[in-house]
Amino acid sequence: MKADLQLKNGVDEELNLDPAINAAAVGVDIHEGVVTLSGHLLSYAEKLAAERAAEKVSGLRAVVVNPDVRPASVVSDEAIATAARDALQWERIEAASRRHAEREAKRTNVSMRDGTVTLSGHVGTRAERLAAIGAAWSAPGVGAVVDNLQLS
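Reading the values: rules and limits
- Residues numbered from 1 in each chain as written.
- Predicted model: local features only at pLDDT ≥ 70, side-chain atom pairs only at ≥ 80, totals over all residues.
- Heavy atoms only, no water.
- Salt bridge = Lys/Arg side-chain N within 4 Å of Asp/Glu carboxyl O.
- Helix = DSSP H or I, 4+ residues; strand = E, 2+ residues; numbered from the N terminus.
- Buried < 20%, exposed > 50% of the residue type's maximum accessible area, 1.4 Å probe, protein only.
- Pairing = 2+ DSSP bridges.
- Right-handed = clockwise from strand over helix to strand, strands pointing away.

Concerning the pattern of salt bridges
Reasoning step 1: Going through the model one piece at a time under the given rule, you end up with 3 salt bridges.
Reasoning step 2: When the shortest N-O distance is used, the salt bridge between Arg113 and Asp114 registers 3.7 Å.
Reasoning step 3: Across the pair Asp147 and Arg129 runs a salt bridge, and its minimum N-O distance is 3.0 Å. Of this pair, Asp147 sits in strand S7 (residues 144–151) while Arg129 sits in helix H5 (residues 126–138), placing them 18 residues apart in sequence.
Reasoning step 4: Its relative accessible area of 31% is what places Asp147 among the partly exposed residues.
Reasoning step 5: Residue class for Arg129 comes out partly exposed when judged on its relative accessible area of 21%.

Below is the structure:
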């Protein structure tokens, strides 16, 4: 098994290589092969990227992800809901024909309150559900996503 210092250097290197991560904002602590990531990141996507980067290092026993997600600026609930709705629609357009996306958009509702996006309505597949959830998380200022989507 690699020494903790070697593992830390590997995790630091992976964090620095990923342009989606502000490596300076991620704290890395390793004890007996278990890495704990900490800090304050600007988005949930950056938090996931940091976790994936750490998981690339061979020899780690486990990865604990504890960074807080703190958006850079305060964004109104309306702006967040609009961004989530726009991102959701773009994911559908990428995934299927325009007609399919329009039909699905009518069956899905997005609401926003206090930084929490709530998704409700119906989606056709698990992939569409995951795309909707991912799109909601990618909107600026989102602190939580409630998935009330139904598969139909």
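Things to note about the pairing of strand S3 (residues 62–65)
Reasoning step 1: Inspection of the sheet shows strand S2 (residues 34–41) paired to S3 by 4 bridges, in the parallel sense. Across the sheet, residue Val34 finds its bridge partner in S3, namely Ala62.
Reasoning step 2: Following the backbone out of S2, through helix H2 (residues 44–55) and into the adjacent parallel S3, one traces a crossover that is right-handed.

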